[in-house]
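Spelled out, the chains give:
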Amino acid sequence: MTTLIPENDIWTIWAIVIGIAALAFFLEQRFKWGAKISSVLLALIGSLVLVNLRVLPTGSPVYDALGGYILPLAIPLLLFQSDLRKIIKESGRLLIIFIAAGATSVLGGIICGFLFRSALAEQTAGYVAVEVGADIGGSVNLVAMASAFNVDESIMNASLIIGNLIIIIWTAAIIAIPNMPFFRKHYRHEHIDALEANIQLDDGETMASKFWKRQGISLLDIAKCLAITFAVNAVTQQICNAVNASGAPEIIKTFFGSIYLVMTTLTIVLVTAMPKVFENIHGATELGTIMITMWFVQVGAGARISEIISLAPAVLGFKILMAVINIGGVLLLGKFLKWNVEECLTASNASLGGPTTAAAYVIGKGWAGLIAPATLVGLFGYVIGNYFAVLTANIFL
């Protein structure tokens with residue numbers, strides 16, 4: 001469809017993307033309501049509004065660059081403080097909760113598959129695979145399963161659009177949930193308690209502005225950050241190309257042919273081997289967060305609301321019910337097993353949206369101890385999502 005800014009107006013779209021991200025950071029750090037919403041959600045809303053007003057296009061080479069280059073550069077930067085020895089202590093319980101979230105997604109796929117079988121007809125098995133894969137490993141697995149089961153393109157596009165919208169709504173909800181009296185009373189909240197005990201806000205200051213206060217970052221720090229993340233991506237691509245072109249078993253290709261898993265492994269090996277080196281490099285989290293927020297602008301740009309109703313109403317109902325089962329199941333288990341509410345929400349976020357949404361969420365909330373674990377469990381979902389998706393889909397073949 002015609003938009004005010006055409007998809008090939010590259011420089012204008014780049015300017016709007018970074019402009020939305022910068023405005024989101026400003027609102028988050030300047031106003032308390034902005035801090036409650038978070039820069040990530042503000043960026044999503046900004047691009048969502050512009051797309052639905054037909055100012056921005058839903059597709060552009062700029063968006064391809066954000067997903068293909070900016071996002072992979074951001075992930076290593078956000079892992080610069082991820083000493084594996086510390087992570088083992090910090091992410092053990094989150095991994096268990098994430099596995100529970102994956103189990104609720106499998107259950108949701110089975111329930112929704114039977115409920116929507118008549119509406120989806122011969123596409124049922126494929127769409128169950130798409131949704132289970134997406135709700136455990138994010139959009140990477142969604143596309144893979146859609147290709148494997150030859151899911152109709154219109155259904156896949158509807159799933160992507162609705163998925164983006166659900167992530168926006170879910171992000172808004174989990175920003176508010178930890179502060180609600182009910183969850184404060186009935187769930188443990190150790191990360192919130194630690195944050196409130198250690199951080200005192202001045203008048204007019206927000207949690208975001210306190211967390212992102214000006215740091216001592218030098219020119220050499222920035223150069224090191226960029227050099228390392230580009231190097232990690234370059235080596236990662238060479239490894240993945242070699243593995244995927246080989247005759248290695250599929251399980252090997254799954255582990256060593258996925259750029260996100262390989263780049264995470266490389267970064268963590270480097271950080272664990274040389275923790276002091278990475279501790280003394282400043283600015284990695286700042287640069288990574290800017291890049292991730294730009295990518296979220298692209299996510300919001302993929303959600304044209306008018307297309308959701310026209311493309312596939314059954315897909316809308318399927319995805320909403322899947323998300324409700326995932327979220328409700330994790331919170332219910334968390335209540336009885338006495339899990340932290342922060343970890344329940346982070347694990348569900350990592351399951352539904354992947355490592356990037358989970359990392360951005362915990363950064364926005366100021367839960368520094370969950371940044372690396374959230375990213376890692378989200379990446380773990382990339383690995384296991386397809387397997388559980390295929391097993392679940394076989395029920396409907």
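Preceding block: the structure.
Note that the structure is predicted; figures quoted are calculated from it, not measured.

Structural notes on the overall build of the chain
Consideration 1: Scanning the chain from terminus to terminus reveals 22 helices and zero strands.
Consideration 2: Looking at the chain as a whole, 53% of its 397 residues are labelled buried.
Consideration 3: A separation threshold of at least 6 residues defines the contact pool for the chain, and within that pool the share at least 24 residues apart is 81%.

Some points on the side chain of S351
Consideration 1: Here S351 is to be found in helix α20 (residues 341-353).
Consideration 2: By relative accessible area, which is 0% here, S351 ends up buried.
Consideration 3: A polar side-chain atom of S351 sits 2.3 Å from the main-chain carbonyl oxygen of D135.
Consideration 4: The contact partners of S351, leaving out residues within four places of it in the chain, are F98, A101, S105, A134, D135, I136, G137, G138 and N326.

Here's the deal with the packing of helix α7 (residues 124-137) against helix α19 (residues 313-337)
Consideration 1: Contact pair α7 / α19: the axes reach a minimum separation of 11 Å and the direction vectors enclose 40 degrees. Considering the angle they form, α7 stands oblique to α19. With respect to the hand of their crossing, α7 and α19 are arranged in right-handed fashion. Mapping the contact onto sequence places Y127, V128, E131, V132 and D135 in α7 and V315, F318, K319, M322, A323 and N326 in α19.
Consideration 2: Classifying every residue of the contact of α7 with α19 gives seven nonpolar, one polar and three charged.

A short note on α7
Consideration 1: In this model α7 runs 19 Å from its N-terminal to its C-terminal C-alpha over 14 residues, within 8% of the 20 Å that 1.5 Å per residue would give.
Consideration 2: Of all 14 residues in α7, 14 are buried; the element is thus mostly enclosed.
Consideration 3: Within two residues after α7, G138 carries a phi angle of roughly 80 degrees, on the positive side.

Topic: a nonpolar patch on the surface
Consideration 1: Among the surface-exposed residues, I217, I222, L226 and F230 lie close enough to one another that they form a single nonpolar patch of about 320 Å² accessible area.
Consideration 2: Accessibility expressed as a relative area gives 35% for I222, which makes it partly exposed.

As for the nonpolar core
In globular proteins that are soluble, nonpolar side chains generally tend to be buried together.
Consideration 1: Core analysis: the biggest nonpolar cluster contains 111 residues, and L66, F318 and L345 have the highest contact counts within it.
Consideration 2: If one sorts the elements of this core by residue count, helix α9 (residues 153-176) sits on top with eleven residues.
Consideration 3: If sequence neighbours within four positions are ignored, F318 has contacts with G109, C112, G113, F116, L120, Y127, V128 and E131.

Regarding the pattern of salt bridges
Consideration 1: All told, the structure shown has two salt bridges when counted by the stated rule.
Consideration 2: With a closest N to O distance of 2.8 Å, R93 and E343 form a salt bridge. Separated by 250 residues along the polypeptide, R93 in helix α5 (residues 84-115) and E343 in helix α20 bring together distant segments of the chain.
Consideration 3: When its relative accessible area of 4% is taken as the criterion, E343 is described as buried.

With respect to unusual backbone geometry
Consideration 1: If you check the backbone angles, R54 has positive phi at about 60 degrees while not being a glycine.
Consideration 2: Mapped onto the elements of the fold, R54 is located in the loop between α3 (39-52) and α4 (61-78).
Consideration 3: The backbone phi angle of K338 is positive, close to 60 degrees, even though this residue is not glycine.
Consideration 4: Relative to the helices and strands, K338 resides in the loop between α19 and α20.

Focus on the packing of aromatic side chains
Consideration 1: The tally for this structure, following the rule as stated, stands at seven aromatic pairs.
Consideration 2: Each ring, one from F26 and one from F31, has its centre 6.2 Å from the other, and the planes form 85 degrees; the classification is edge-to-face.
Consideration 3: Classification of F26 by relative accessible area gives partly exposed; the value is 46%.
Consideration 4: Consider the rings of F182 and F183, whose centres lie 5.2 Å apart with planes at 85 degrees: the pair is edge-to-face.
Consideration 5: Through successive ring pairs, a cluster of aromatic residues spans F116, Y127 and F318.
Consideration 6: The ring centre of F31 lies 5.2 Å from the NZ or CZ of R30, which sits over that ring.

Quick word on the environment of Q123
Consideration 1: The residue Q123 is located in the loop between α6 (117-120) and α7 in this model.
Consideration 2: Taking the C-alpha atoms as reference points, Q123 and V151, 28 residues apart in sequence, are found 6.4 Å from one another.
Consideration 3: Those residues in contact with Q123 that sit more than four places away from it in its chain are N150, V151, D152 and I155.

Describing the packing of helix α1 (residues 10-30) against α3
Consideration 1: The N-to-C vectors of α1 and α3 enclose an angle of 135 degrees; their axes lie 8 Å apart at closest approach. The pairing of α1 with α3 is recorded here as oblique in orientation. Between α1 and α3 lies a crossing whose hand is right-handed. Packed against α1, whose contacting residues are I16, I20, A24, F25, L27 and E28, the element α3 presents S39, L42, A43, G46, S47 and L50 at the interface.

Re helix α13 (residues 219-245)
Consideration 1: For α13, which comprises 27 residues, the first-to-last C-alpha distance of 39 Å matches the rise-based estimate of 39 Å (1.5 Å per residue) to within 8%.
Consideration 2: Taken together, the buried positions of α13 are D221, C225, T229, V232, N233, T236, C240 and V243.

Cut-offs used in this document
- Residues numbered from 1 in each chain as written.
- Predicted model: local features only at pLDDT ≥ 70, side-chain atom pairs only at ≥ 80, totals over all residues.
- Heavy atoms only, no water.
- Helix = DSSP H or I, 4+ residues; strand = E, 2+ residues; numbered from the N terminus.
- Buried < 20%, exposed > 50% of the residue type's maximum accessible area, 1.4 Å probe, protein only.
- Contact = heavy atoms within 4.5 Å.
- Polar contact = N/O pair within 3.5 Å; in protein donor to acceptor, adjacent residues only side chain to side chain.
- Axes fitted to C-alpha atoms, helices over the stretch in contact; angles between N-to-C directions.
- Parallel < 35°, antiparallel > 145°, perpendicular 65-115°, else oblique.
- Left-handed = near helix turned anticlockwise from the far one by under 90°.
- Nonpolar A, V, L, I, M, F, W, Y, C, P; charged D, E, K, R; others polar.
- Expected span 1.5 Å × (residues − 1).
- Patch = residues over 30% accessible without salt bridge, like charges linked within 9 Å, V, L, I, M, F, W, Y side chains within 5 Å.
- Areas by Shrake-Rupley, 256 points an atom, 1.4 Å probe, with all protein chains shown as cover.
- Salt bridge = Lys/Arg side-chain N within 4 Å of Asp/Glu carboxyl O.
- Core = buried A, V, L, I, M, F, W, Y, C linked by side-chain atoms within 4.5 Å.
- Phe/Tyr/Trp six-rings, centres within 6.5 Å; stacked < 30°, edge-to-face > 60°.
- Lys NZ or Arg CZ within 6 Å of the ring centre and 35° of its normal.

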